[in-house]
Every structure is written in structure tokens, then in C-alpha cells.
Amino acid sequence: MRLKKIFLFFLAVICAGLCGFSMGDALGCVSAQGATIERMRFHCENDTAKINSLLMEGLHSGLNDANELVCFYAHKLEGTPYVAHTLEGDTEMLTINIDELDCTTFVETLYALTRTTLNGRYSWRDYAHHLEDLRYRRGQMGDYSTRLHYISDWIIDNSNRGNLIDVTSDIKCVRYKIKTINYMSSHRDSYPSLANDTIYEKIKNFEIGYRNHRFPYVKKESLNSKDVKAVVRRGDFVGLVTRIDGLDISHLGIVELDAEGNLVLLDASSRGKKVMLEPVDLKKQLSTSSKTEGVRFFRLTTN
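Keep in mind that what you see is a predicted model, and the values were worked out from it rather than measured. (Residues numbered from 1 in each chain as written. Predicted model: local features only at pLDDT ≥ 70, side-chain atom pairs only at ≥ 80, totals over all residues. Heavy atoms only, no water.)

### Some remarks on the packing of aromatic side chains
Here comes step 1: The final tally for this structure, using the stated rule, is 3 aromatic pairs.
Here comes step 2: With centroids separated by 5.3 Å and ring planes inclined at 75°, the aromatic side chains of F72 and Y73 adopt a geometry described as edge-to-face. Per residue, the accessibility class of F72 equals that of Y73, and both read buried.
Here comes step 3: Relative to F298, the ring of W154 has its centre 5.8 Å away and its plane inclined at 80°; by these criteria the two rings are edge-to-face. You can see W154 sitting in helix 7 (residues 151–160) and its partner F298 sitting in strand 10 (residues 292–300), a full 144 residues away along the chain. Take W154 and F298: they sit in the same class, and that class is buried.
Here comes step 4: Positioned above the aromatic ring of Y200, the side-chain terminus of R188 is 3.9 Å from the ring centre.
Here comes step 5: When the ring centre of Y176 is taken as reference, the NZ or CZ atom of R214 above it lies at 4.0 Å. (Phe/Tyr/Trp six-rings, centres within 6.5 Å; stacked < 30°, edge-to-face > 60°. Buried < 20%, exposed > 50% of the residue type's maximum accessible area, 1.4 Å probe, protein only. Helix = DSSP H or I, 4+ residues; strand = E, 2+ residues; numbered from the N terminus. Lys NZ or Arg CZ within 6 Å of the ring centre and 35° of its normal.)

In C-alpha cells form, the structure reads like this:
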């Protein structure tokens, strides 16, 4: 244990050196509120420096609109390789990895970068705080069960804390769907962490709150309508509503607009193997998807 503490101490010092912090800053990040260095998992030693560099670019951009900042950072991350399951491990840790993204971690990264910039900050420590605040129930990381795995759970928890709003219900052509969300417990073997009976029971208990869950969505056929365009903005987050039993949202990205003002998905694409702007508008993209029936739209608040 003593060796572990010594290692963590020097890791904090190294991170401080990479980011231009003092020794006091390094010690502070070990004892900071929220996840400590001891409970963070970095992809590589340059992560903190890269995050600081991106944040400085965001501050120097002069942008102060949340949606514009989301787009700014999204385009900065274009070309980043798509890699799934980067959050998984034997122990739940606050994973910080901007070099490998999937659809969920892409959106989380955009949120944390934007929120940090809106607060006038440029430190990876502030970024880590906002990442934890978005990713975990009530903004605090515990074990695997505290991560907000379902997007319905994610939006409700974060809406209640003022981080995000669901703007789908503001669209005139909105529909409502009632669905029981229990995919994880119904597919226990697909989630290694659920081999632990205690974690499995906690996940099942959270799912109880989403029996016959009612949520708003827009049919994919309506995506280029005036009703949608009147509400949805570039930089809004997009969730694809799936027909898969027990699951609510199967994919995330952000809204971009083409020359005609139609919605285009900018996402970490498993098909394209990178962060990319999809080649056709969202309505056309989803027209051939039998498993997707519509979308939901979320927006970062400016609090």
C-alpha cells in the first residue's frame, strides 16, 4: 500500500509537470473534491496536456454559446479513432481518454470540454470534474452501478441537476413512447461487471424505475420538417431511439446542418471507425435502419 501511495504521488507530480502546474497543484489534485488521481484512469501520459491545449483553444476562440462550443470541439476531434468499451475494467474508475472515443464517450467529452470553457477554466482537473458530474448518478462516482448506463436515466439525472435539457417535447410533431428498459439485466452475460451479484442487483433495482417508462421522440420520417428545424440547433445532442427490446437509445452524436439546413449527424461512428460527419442527412441515414424508429434531442444548459 505504501508503494502504491508513493507511485500515485509521483503520478500527480508528473501530471502537474505535463500541464505546467506547481507541486501544490499536483498535491491538490490528489485530494480534490470528486474522483481523485487514485481513482482516475488515463489513456496515456499526454492526456492532461492535450485536454489543457484543447481548452485553451476553446477559450481563445471567443465563443460563449454552448452549442457553438460543442460544434467547435466536435470538429477538433474529427478523425479520432472509434474504440468501444474504453470505460470497462476490473474496478470502476473515472476514465479519461480523448484519443479513443465511442458514441457515448464522444458526447461526454464534448460536454466536459464545453462546460469547462463556459466556466472560463482551462485545466484538465475541471474537465475531470465535469466528466464525472455528467457520467455518474448525482455526479458522484461509486461502483459500476453508479454509472448512468441508460440514456433515459442519464437525461433525467442530469436534467434534475441542471446540466442538460431534453428539447424533444418542444417540437410540435413530438410523439411519446412507453417502454420497459431492462436490457442490461436481461443480457447479464454481455456485461462482465454483472457477474458480481451485488452489482447485478443494484442495476436491476435502478431498472425498476424504468418499467413502462414514457419518453418523447420524433419519428425519423419527420426529421427535415419545419417543426423540427424550428427547435433543433446545431450542437444539440442526438439519441437514436431503438426498437431493440429493453433498450431506449442505441447511439449518440451531435447535430450539424447541411447547406439546405437539414440535420446531419456528427458522431463517433462504429461503421466509419472514427469521429466523422456522416455523408448524408439524418433522415436519409435512418431511412434504411429497421431498428431505429426516431430520435431525441438534448441540449447543454448555460448555468
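### Comments concerning empty space enclosed by the protein
Here comes step 1: Scanning the entire structure with this criterion turns up 2 cavities of 30 Å³ or more.
Here comes step 2: What the largest cavity holds in volume is close to 60 Å³.
Here comes step 3: Taken together, T86, L87, T95, I96, N97, L101, T105, E108, T109, Y127, L131 and R135 make up the lining of the largest cavity.
Here comes step 4: Sorting the residues of the lining of the largest cavity by element identifies strand 2 (94–96), helix 5 (103–118) and helix 6 (124–135) as the ones contributing at least two each.
Here comes step 5: Across the lining of the largest cavity, the residue classes tally to 5 nonpolar, 5 polar and 2 charged.
Here comes step 6: Its volume calculated, the second largest cavity comes out at about 50 Å³. (1 Å grid on protein atoms, 1.4 Å probe; cavity = no way out; pocket = protein on both sides within 12 Å on 5 of 7 lines; lining within 4 Å. Points joined across faces, edges and corners; volume = space filled by probe spheres on them. Nonpolar A, V, L, I, M, F, W, Y, C, P; charged D, E, K, R; others polar.)

### Details of the environment of G58
Here comes step 1: Residue placement: G58 occurs in helix 3 (residues 47–60).
Here comes step 2: Apart from the residues lying within four places of it in its own chain, the contact partners of G58 are L69, F72, Y73 and T117. (Contact = heavy atoms within 4.5 Å.)

### Some points on the packing of helix 3 against helix 5
Here comes step 1: Between helix 3 and helix 5, the least distance of the axes is 10 Å, while the angle of their chain directions is 55°. In terms of axis orientation, helix 3 runs oblique to helix 5. When you trace helix 3 past helix 5, the crossing you get is right-handed. On helix 5, the residues that touch I51, L54, L55, G58 and L59 of helix 3 are L113, T116 and T117.
Here comes step 2: For the contact of helix 3 with helix 5, the per-class residue count stands at 5 nonpolar, 3 polar and no charged. (Axes fitted to C-alpha atoms, helices over the stretch in contact; angles between N-to-C directions. Parallel < 35°, antiparallel > 145°, perpendicular 65-115°, else oblique. Left-handed = near helix turned anticlockwise from the far one by under 90°.)

### Side note on helix 9 (residues 197–208)
Here comes step 1: Taking 1.5 Å per residue, 12 residues should reach 16 Å; helix 9 reaches 17 Å between its end C-alpha atoms and fits that length.
Here comes step 2: Taken together, the buried positions of helix 9 are occupied by I199, Y200, I203 and E207. Projected down its long axis, helix 9 shows its buried positions confined to an angular sector of 100°, all on one face.
Here comes step 3: In this structure, the buried residues of helix 9 make contact with helix 8 (183–186).
Here comes step 4: N-cap assignment for helix 9: the residue whose side-chain oxygen lies 2.8 Å from the backbone N of T198 is N196. (Expected span 1.5 Å × (residues − 1). Arc of directions from axis to C-beta. Polar contact = N/O pair within 3.5 Å; in protein donor to acceptor, adjacent residues only side chain to side chain.)

### A short note on unusual backbone geometry
Here comes step 1: Phi is positive for H85, close to 65°, though the residue is something other than glycine.
Here comes step 2: By secondary structure assignment, the location of H85 is in the loop between helix 4 (66–76) and strand 2.
Here comes step 3: At K273, a position not held by glycine, the phi torsion is positive, near 65°.
Here comes step 4: Considering the arrangement of structural elements, one finds K273 in the loop between strand 8 (263–269) and strand 9 (274–277).

Function-wise, these values are silent; they only describe arrangement.
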